[in-house]
Amino acid sequence: MSDEVKINRGLVGVYFERSGVSHIDGSQGELSYRGYSIHDLATHSTFEEVAYLLIHGALPSVAELADFDARLKAARSLPPAAFDIIRSTKDGHPMDVLRTAVSALAALEPGSRAVSEEAFVENGIRLTSQIPMIVAAHEAIRNGRDPVTPDNSLSHAANWLWMLKGEKPSTDAARLADVDFILHAEHGSNASSFAARVTIGTEANLHGAIVTALSTLAGPAHGGAAEDVMKMVQEIGSPENAADYVKAKRKAREPVTGFGHRVYRTEDPRARHMRDGVRKLGEEMGAPEWYAILQAVVAAMQPYARHGLNVNVDFYSGVIYQLHGIPMDLYVPIFAIGRVPGWIVQCIEQLRRNILIRPLTLYDGPDPRVYVPIGKR
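Read on for a plain summary of the structure. (Residues numbered from 1 in each chain as written. Predicted model: local features only at pLDDT ≥ 70, side-chain atom pairs only at ≥ 80, totals over all residues. Heavy atoms only, no water.)

## Let's talk about the sheet that holds strand β2 (residues 30-33)
Stated formally: One bridge is not enough; two strands pair if DSSP finds at least two bridges between them. Each helix is a run of DSSP H or I of at least 4 residues and each strand a run of E of at least 2, with the numbering of both proceeding from the N terminus.
Across the sheet, which stays open at both edges, the three strands sit in the order β1-β2-β3 with antiparallel pairing between neighbours. The open sheet has two edge strands, β1 (22-25) and β3 (36-37), and neither has a second partner. Sheet topology places β2 next to β3; two bridges connect them, and they run antiparallel. Residue pairing across strands places S32 opposite S37, the latter belonging to β3.

## Considerations on the pattern of salt bridges
Note the following rule: A side-chain nitrogen of Lys or Arg and a carboxyl oxygen of Asp or Glu constitute a salt bridge if their distance falls within 4 Å. Each residue is assigned to one of three classes by its accessible area relative to the maximum for its type, calculated with a 1.4 Å probe on protein chains only: buried under 20%, partly exposed between the two thresholds, exposed over 50%.
Throughout the structure, instances matching the rule amount to 18 salt bridges. The shortest N-O distance in the salt bridge between D96 and R99 comes to 3.0 Å. Of this pair, D96 and R99 both sit in helix α5 (residues 94-108), three residues apart, roughly one helical turn. On the basis of relative accessible area, D96 is assigned to the partly exposed category, the value being 34%. Given a relative accessible area of 27%, R99 falls into the partly exposed group. In this structure, the salt-bridge partner of E349 is R197, at a minimum N-O distance of 3.3 Å. A residue pair is termed long-range when its members are at least 10 positions apart, and E349 in helix α17 (residues 331-352) and R197 in helix α9 (residues 191-201) qualify at 152 residues. When sorted by exposure, E349 lands in the same class as R197, which is buried.

## Overview of the environment of R270
For the record, the criterion: Any two residues whose heavy atoms approach within 4.5 Å at even a single point are treated as in contact.
Tracing the chain through its elements places R270 in the loop between α13 (242-251) and α14 (271-284). Distance in space between the C-alpha atoms of R270 and N312 is 7.4 Å, their sequence separation being 42 residues. Sequence-distant contacts of R270, defined by excluding residues within four places in its chain, comprise L31, I38, L183, H187, H261, Y264, V313 and R339.

## A closer look at the packing of helix α12 (residues 225-236) against helix α15 (residues 289-301)
Rule in force here: Note on definitions: angles span 0 to 180 degrees between N-to-C directions of axes, and those axes are lines fitted to C-alpha atoms, for helices only across the stretch in contact. When an angle is under 35 degrees it counts as roughly parallel; over 145 it counts as roughly antiparallel; between 65 and 115 it counts as roughly perpendicular; any other value is oblique. Only Asp, Glu, Lys and Arg are considered charged in this grouping, and only Ala, Val, Leu, Ile, Met, Phe, Trp, Tyr, Cys and Pro are considered nonpolar; every other residue, Gly among them, is considered polar.
Between α12 and α15, the shortest axis-to-axis distance is 10 Å and the interhelical angle comes to 95°. Considering the angle they form, α12 stands roughly perpendicular to α15. Residues V229, M230, M232, V233, Q234 and I236 of α12 form the contact with α15, whose own contacting residues are W290, I293, L294 and V297. Residue classes in the contact of α12 with α15 are distributed as nine nonpolar, one polar and no charged.

On their own, these measurements won't tell you what the molecule is for.
What follows is the structure in structure tokens.
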């Protein structure tokens with residue numbers, strides 16, 4: 001039988017379902033949500049608009065966006081017991097705390113147990129607002145501070161920075177956070193989205209699927225690139241060292257973090273928006289050297305672009321977070337904050353035509369053996 005079976009390890013190149021959410025053309029370096037270019041969305045839309053687009057399938061009218069925004073703001077609350085759980089786990093990694101708190105919400109909020117498209121939308125809107133609250137509350141509590149109360153006069157991205165830092169962000173800083181969330185909102189059948197769909201395939205609820213997605217995102221092979229890039233930039237230290245750093249990495253056959261992607265063979269289309277953001281934020285924060293180091297690495301890696309080693313979106317994200325003074329262990333939770341709408345709509349799509357996802361493994365173990373009782377072994 002083994003001669004008749006083709007194994008695609010990691011399901012590489014395997015289409016397991018149809019989807020009307022995001023289109024990725026890896027060879028051309030193109031990404032769209034619901035038919036809209038990521039460049040148009042990152043340039044002209046807000047995260048709230050994009051979240052509505054992903055969940056409902058069309059860009060909202062003024063009235064629809066106002067209603068959606070009001071629902072998001074109304075959901076900026078956590079049960080008191082959730083704060084108790086965050087306090088009891090405050091010494092854990094932020095992703096572990098986030099996963100634990102979301103799991104607890106499934107028990108603390110009875111409506112989270114419902115399994116229907118309407119329930120997924122309602123619970124998804126609530127989680128979209130609650131997940132940044134959990135991350136910000138944990139950051140405050142583990143540093144001996146009280147969590148910051150949400151400010152409903154602020155947008156989703158601006159309120160996130162307000163809750164995290166306790167100070168109102170500048171217009172440019174809030175917009176950059178907004179763009180960051182837009183760029184990370186959805187990306188096809190990535191590991192965490194696929195894991196969420198596997199969970200929904202068992203007819204589980206949305207909270208269970210989001211816990212699965214968070215657990216998958218926590219793995220460094222999926223969500224850890226931004227943190228690794230920041231470590232690389234700190235190791236390089238100055239633009240003058242970039243070329244030697246890249247040369248040493250290539251000689252040792254070691255990857256240069258932030259280059260290459262499982263899907264894209266050209267530059268990640270999201271990267272250009274983060275690149276401009278790093279430059280502007282670095283100038284605003286009085287730290288332009290971070291951008292200079294990144295661009296020096298890009299220049300040193302240029303000869304390898306023909307091999308598909310092009311810059312990806314995470315190459316710039318970590319430096320943006322660093323400029324905000326955000327601890328490195330929050331980089332993956334920030335990824336999660338942006339990805340929530342994508343997880344929601346992937347779960348909705350799975351539910352609409354649900355089927356248990358159950359691939360096969362080709363057995364290559366021992367041939368049939370005679371069982372020997374323990375006393376005769």
